[in-house]
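Listed below, chain by chain, are the residues.
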Amino acid sequence: MSDERVRVEVREHVATVTLARPDKHNALDLAMFEGIIAASEQVAGEPGVRAVVLHGEGPSFCSGLDLASLMSSGNGLDGSLAELQGPVPNRFQRVAYDWVTLPVPVIAAVHGNCLGGGLQIALGADIRVATPDARLSVMESKWGLIPDMSLTQTLPRLVRADVAKELVYTARVFSGEEAHQLGVVTRLAEDPLAVAHSLAEEIAGRSPDAIRGAKRLLDRSWAQPAEVGLALEAEIQRALIGSANQMAAVIAGMAKQAPQFSDPAVEPLGPP
């Protein structure tokens with residue numbers, strides 16, 4: 001992983017992933033793409049991680065593509081086109097979609113600029129906490145492009161089709177406050193990083209089996225026929241009932257004590 005671009009710190013079952021290119025508002029150059037993908041792989045392979053906080057160092061979460069850097073890189077436009085012909089998800093999509101496929105919850109703390117690819121990364125998180133004055137935009141049409149970093153798999157779960165179209169067509173910048181009203185942002189806070197860590201710590205205190213099962217249940221059953229969701233509820237619940245962690249939760253709850261859970265085996269990145 002590029003230490004210059006992305007840092008990962010694990011403490012008390014919470015992984016903090018920091019985009020660390022503050023002088024460029026964490027804009028996405030090739031090294032940043034590689035660093036974010038490596039970070040998601042590192043977190044997926046880290047035993048004991050139960051929740052993830054994703055944030056940007058400096059004045060912004062992520063200001064989107066560093067077009068000048070990408071165009072001046074060795075492969076330039078031809079390299080970008082080759083990526084789009086590769087396997088799905090491709091490298092550009094993985095920086096956002098890897099957080100969807102991670103088996104544990106991801107919380108994005110959004111401040112400053114969260115534009116274009118930066119917004120698509122934030123949309124890959126399960127929960128987004130933003131400052132009221134954060135600046136968000138689905139900015140790709142400004143550059144004659146479409147959003148292609150897994151927005152088709154994330155934004156439709158949050159807003160109506162006409163709202164998504166208006167944001168995509170206009171590429172307009174909207175505030176964290178409006179994002180909350182639209183449903184793009186989960187919660188507003190003056191210190192989103194502190195709130196994100198508090199949420200992550202709360203989640204990390206629950207049974208990791210139940211939390212992973214809940215993420216799998218919601219991701220796989222959302223907008224599916226009733227029989228799909230009902231069957232998945234029963235399947236996951238059968239695996240949880242009577243398990244060691246489920247019994248630990250019951251015993252601790254009855255005794256009004258903090259539960260002691262065992263962490264499941266590491267799961268590689270895979271379908272949500």
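Keep in mind that what you see is a predicted model, and the values were worked out from it rather than measured.

(A) View of the packing of aromatic side chains. As enumerated under the stated definition, the model contains one aromatic pair in all. With a centroid separation of 5.1 Å and an interplanar angle of 75°, the aromatic rings of Phe33 and Phe92 are classed as edge-to-face. Here Phe33, found in helix α1 (residues 30-44), pairs with Phe92, found in helix α4 (residues 91-101); they are 59 residues apart in sequence, far enough to count as distant.

(B) Geometry of the environment of Ala68. Following the sequence through the fold, Ala68 ends up in helix α2 (residues 67-72). Since its relative accessible area comes to 59%, Ala68 is described here as exposed.

(C) Highlighting the packing of α1 against α4. Running from N to C, α1 and α4 point in directions that differ by 35°, and their axes come no closer than 9 Å. Note on packing geometry: the crossing formed by α1 with α4 is left-handed. Of the residues in α4, those in contact with Leu30, Phe33, Glu34, Ile36, Ile37, Ala39, Ser40 and Glu41 of α1 are Arg91, Phe92, Arg94, Val95, Asp98 and Trp99. Considering only residue class, the contact of α1 with α4 consists of eight nonpolar, one polar and five charged.

(D) A look at helix α12 (residues 244-255). With twelve residues, α12 ought to run about 16 Å at 1.5 Å a step, and its terminal C-alpha atoms sit 16 Å apart, in line with that. For α12, the full list of buried residues reads Asn245, Ala248 and Ala252. The arc that holds every buried residue of α12, seen down its axis, measures 55°, which confines them to one face. For α12, the exposed residues set more than 90 degrees away from the buried face come down to Ile251, Gly253 and Met254. Looking at the residues trailing α12, positive phi occurs at Lys256, about 55°.

(E) Spotlight on helix α10 (residues 208-221). The end-to-end C-alpha distance of α10 is 20 Å, a good match for the 20 Å that 14 residues give at a rise of 1.5 Å each. All of the buried residues along α10 are Pro208, Ile211, Arg212, Gly213, Lys215, Asp219 and Ser221. Here the buried face of α10 lies against α4, β4 (106-110), α9 (192-204), α11 (226-240) and α12. Two residues or fewer past α10, Ala223 is found with a positive phi of approximately 60°.

(F) View of unusual backbone geometry. The omega torsion across Val88 and Pro89 is -5°, close enough to zero to call that bond cis. You can see Pro89 is positioned in the loop between α3 (76-84) and α4. Located in the positive-phi region is Glu12, a residue other than glycine, with phi close to 50°. Inspection of the secondary structure puts Glu12 in the loop between β1 (6-11) and β2 (14-19). One non-glycine residue, Ser150, adopts positive backbone phi at about 75°. Among the structural elements, Ser150 can be located in the loop between β7 (135-137) and α6 (151-154).

(G) Expanded view of the pattern of salt bridges. A complete count under the given rule lists 16 salt bridges for this structure. Between Asp219 and Arg157 there is a salt bridge, and its shortest N-O distance comes to 3.5 Å. On the criterion of sequence distance, the pair formed by Asp219 in helix α10 and Arg157 in the loop between α6 and α7 (161-170) is long-range, its members being 62 residues apart. The class of Arg157 is partly exposed, set by a relative accessible area of 37%. The network of salt bridges with shared partners includes Glu4, Arg5, Arg21, Asp29 and Asp66.

(H) Local environment of the sheet that holds β4. Taking strand neighbours across the sheet as the criterion, the six strands line up as β1-β2-β3-β4-β6-β9 in an open arrangement whose pairing is mixed. Edge positions in the open sheet fall to β1 and β9 (187-188), since each of these has one partner strand only. Relative to β2, β1 runs antiparallel, the two sharing six bridges. Residue pairing for β2: Arg11 is matched across the bridge by Val14. Packed on one face of the sheet, α1 meets β1, β2 and β3 (51-56) and runs near 20° to β1.

About the cut-offs
- Residues numbered from 1 in each chain as written.
- Predicted model: local features only at pLDDT ≥ 70, side-chain atom pairs only at ≥ 80, totals over all residues.
- Heavy atoms only, no water.
- Phe/Tyr/Trp six-rings, centres within 6.5 Å; stacked < 30°, edge-to-face > 60°.
- Helix = DSSP H or I, 4+ residues; strand = E, 2+ residues; numbered from the N terminus.
- Buried < 20%, exposed > 50% of the residue type's maximum accessible area, 1.4 Å probe, protein only.
- Axes fitted to C-alpha atoms, helices over the stretch in contact; angles between N-to-C directions.
- Left-handed = near helix turned anticlockwise from the far one by under 90°.
- Contact = heavy atoms within 4.5 Å.
- Nonpolar A, V, L, I, M, F, W, Y, C, P; charged D, E, K, R; others polar.
- Expected span 1.5 Å × (residues − 1).
- Arc of directions from axis to C-beta.
- Salt bridge = Lys/Arg side-chain N within 4 Å of Asp/Glu carboxyl O.
- Pairing = 2+ DSSP bridges.

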